[in-house]
Amino acid sequence: MVIELVKEEVFGEKSPLGYTETKFFTFDALELESGEVLSPVTIAYETYGTLNEKKDNAILICHALTGDAHAAGVSKETGKLGWWEIMIGPGKAFDTDKYFVICSNVIGGCKGSTGPSSINPKTGKPYGMSFPVVTIKDMVNAQAKLIEHLRIERLFCVAGGSMGGMQVLQWVYSYPNKVITAIPIATTLRHTPLQIAFNEVGRRAIMSDPEWMGGDYYGQSFPANGLAVARMIGHITYMSDLSMKEKFGRKLRNKEKYGYDFEAEFEVEQYLKYRGETFVQRFDANSYLYITKAIDYFNLGDNKDLIKRFYNLPTKFLVISYSHDWLYPPYQSREIVKVLKYAWVDVTYCEISSTYGHDAFLIKNAEQEHLVTHFLNNAYAKLKGE
Amino acid sequence: MRHFERFDFKIIFDIIEQGSKVLDLGCGDGELLRILTEHKSVRGVGIENDEKMIYACVSKGVTVEHGDIDEGLPDFPDKFFDYVILNFTLQETKKPKKVIHEALRVGEKVIVSFPNFAYYPVRFYLGILGKTPRTKALPYHWDETPNLHYFTIKDFIEFCERENIKIVFYKAFTEHRLIKFLPNFFAEKAVFLLKGA
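These numbers were taken from a predicted model, which means no experiment stands behind them.

(A) Seen up close, the nonpolar core. If you look at the biggest cluster of nonpolar residues, it comprises 157 residues, and the most contacted ones within it are I59, I61, V101, L155 and V158 of chain A together with V84 of chain B. When we break this core down by domain, the ones giving at least three residues each are domain 1 (2–191 + 300–383) and domain 2 (196–294) of chain A. Excluding residues that lie within four positions of it along the chain, V101 of chain A makes contacts with T47, Y48, G49, I59, I61, I88, F94 and T96 of chain A.

Written out as structure tokens, the structure reads:
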């Protein structure tokens, strides 16, 4: 108890889940969509709650571009709260008193799962750019291995926002009989040219940083400037015109008058600078390249094929979008809903009004909590025949 | 016999066959769909524009889509549903004619209900008091009503003739009573069953 208190003082974060720990699962090999084989493959994952005897209460949470396996609780390693602490925990939307919640780091990432910064067993050096290109489908196939390892036959729910939402859709596509309910949030059936363009600018920023060195910078340098710029671009697309106005206005940082120079003097400039600088301390530049590429390649299929594929599927969907999300605008969620309706799949859709942009699903909001809580409650009661 | 708190629900419930495919336009809190799903095993979807109502539907486990029916129903192929329901929705739409035709396109049959603007207390308000009517079926002040169109049973029958829409039957009622004598005068509300010509 005393130790816990001390830790709490050190970290300053509290969670009803207490401390959580990242675990690892390694398997032999994964054949990738590109035809290449990744071997061996390690998956970093965390779990919250208890898997019941029938193993029908498992929920897989899929993270977005820069997320990780640490979705909830206070990390034993870093002392930080999980990225979806607002949604996961006892009595929360993903209720850990009821459900067994799993979150794993995607392959290609840099938070414990095999990625470009992992050691290539053939060379004894980090992969760098020799790491094979992975896709959303590959990420999902790797997760499926983890689920198999946990001896779970069917997932009660797969949920996630943004790139996490793409994984949700891919899960249902690839393993239609293994997903009872699906919650794709602020996502799309396929990446659009606008979305690819933003990612490409981010990648070019990294690759044109001299410190990137063709991706072989490990142990020598780090393309911090390039990665920071990539993150700044990303952050702009995650906010909205309105939320930026509300948050920053035209306020200057620590001064009253313009400096008539090129220092970061507007609040918004300072904020982006700060976001960029903190990001480079926690994320690998090559992973940023690989994951954004995976997102850009994402195209679940054309609508006609998808309708055929999903026809009469018993999986229940809850699709959520956010009104001021201009990166994955509501029309893209409605497209998902349209395909599912044509296929006679049970789908509930809500566009939540929020002044926040794409990031809204990561920010505490009662609407999202309500939708997910009740959607899961009803589906779980049905599953249990109540 | 089931007990219905709302007489319109009872009329609609009796029309719809077991296991039908149903689209409820402007489904509100989803209560009608919930009853139909539970007791008639319909495959039902609701469309609702009011975000708060979406949360009510989800609480009940009713499948609902957040959308504006005035924009049409481009997401649905022709004759996708057995029944399309417009239960006290039509008078709140911007383009009732377009909405009805879209409903007839995607549904084999269409159920429309609305408050009758020629109901005698309504006539009293307008004709004698010279005020915008406020009755049980039309409870709002003029400045905050969601109703955009006011029409009568007679109006609606004429509309259907004009638009070449077949009226299978209609039931006019006040409270829990069917009104057969001078319905355009004595009935507060009406439910129509329509078919495309």
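Text resumes after the structure shown.
(B) Molecular detail of the packing of helix α2 (residues 136–149) of chain A against helix α3 (residues 163–174) of chain A. Residues and elements named next belong to chain A. Look at α2 against α3: their axes get within 9 Å of each other, and the N-to-C directions meet at 70 degrees. With respect to α3, the element α2 is oriented roughly perpendicular. Once α2 is placed against α3, the crossing between them reads as right-handed. Of the residues in α3, those in contact with I136, K137, M139 and V140 of α2 are M166, Q167, Q170, W171 and S174. Within the contact of α2 with α3, the residues separate by chemical class into 5 nonpolar, 3 polar and 1 charged.

(C) Spatial organisation of the pairing of strand β4 (residues 81–87) of chain B. Residue and element names in this part refer to chain B. Most of β4 sits inside the fold, with 6 of its 7 residues counted as buried. Both strand β1 (residues 21–25) and β4 contribute to a ladder of 3 bridges, which runs parallel. Its bridge partner being in β4, V22 is matched across the sheet by Y83. As paired elements, β4 and strand β5 (residues 107–115) share 6 bridges and run parallel to each other. The residue bridging I85 from the neighbouring strand is I111, located in β5. With respect to chirality, the unit in which β4 leads through helix α4 (residues 96–106) into the neighbouring parallel β5 is right-handed.

What counts and how
- Residues numbered from 1 in each chain as written.
- Chains lettered and ligands numbered in written order.
- Predicted model: local features only at pLDDT ≥ 70, side-chain atom pairs only at ≥ 80, totals over all residues.
- Core = buried A, V, L, I, M, F, W, Y, C linked by C-beta atoms within 7 Å.
- Buried ≥ 20, exposed ≤ 12 C-beta atoms within 10 Å, placed from the backbone.
- Domains from an automatic or database assignment.
- Contact = placed C-beta atoms within 7 Å.
- Axes fitted to C-alpha atoms, helices over the stretch in contact; angles between N-to-C directions.
- Helix = DSSP H or I, 4+ residues; strand = E, 2+ residues; numbered from the N terminus.
- Parallel < 35°, antiparallel > 145°, perpendicular 65-115°, else oblique.
- Left-handed = near helix turned anticlockwise from the far one by under 90°.
- Nonpolar A, V, L, I, M, F, W, Y, C, P; charged D, E, K, R; others polar.
- Pairing = 2+ DSSP bridges.
- Right-handed = clockwise from strand over helix to strand, strands pointing away.

Any functional reading would require information beyond the geometric quantities listed.
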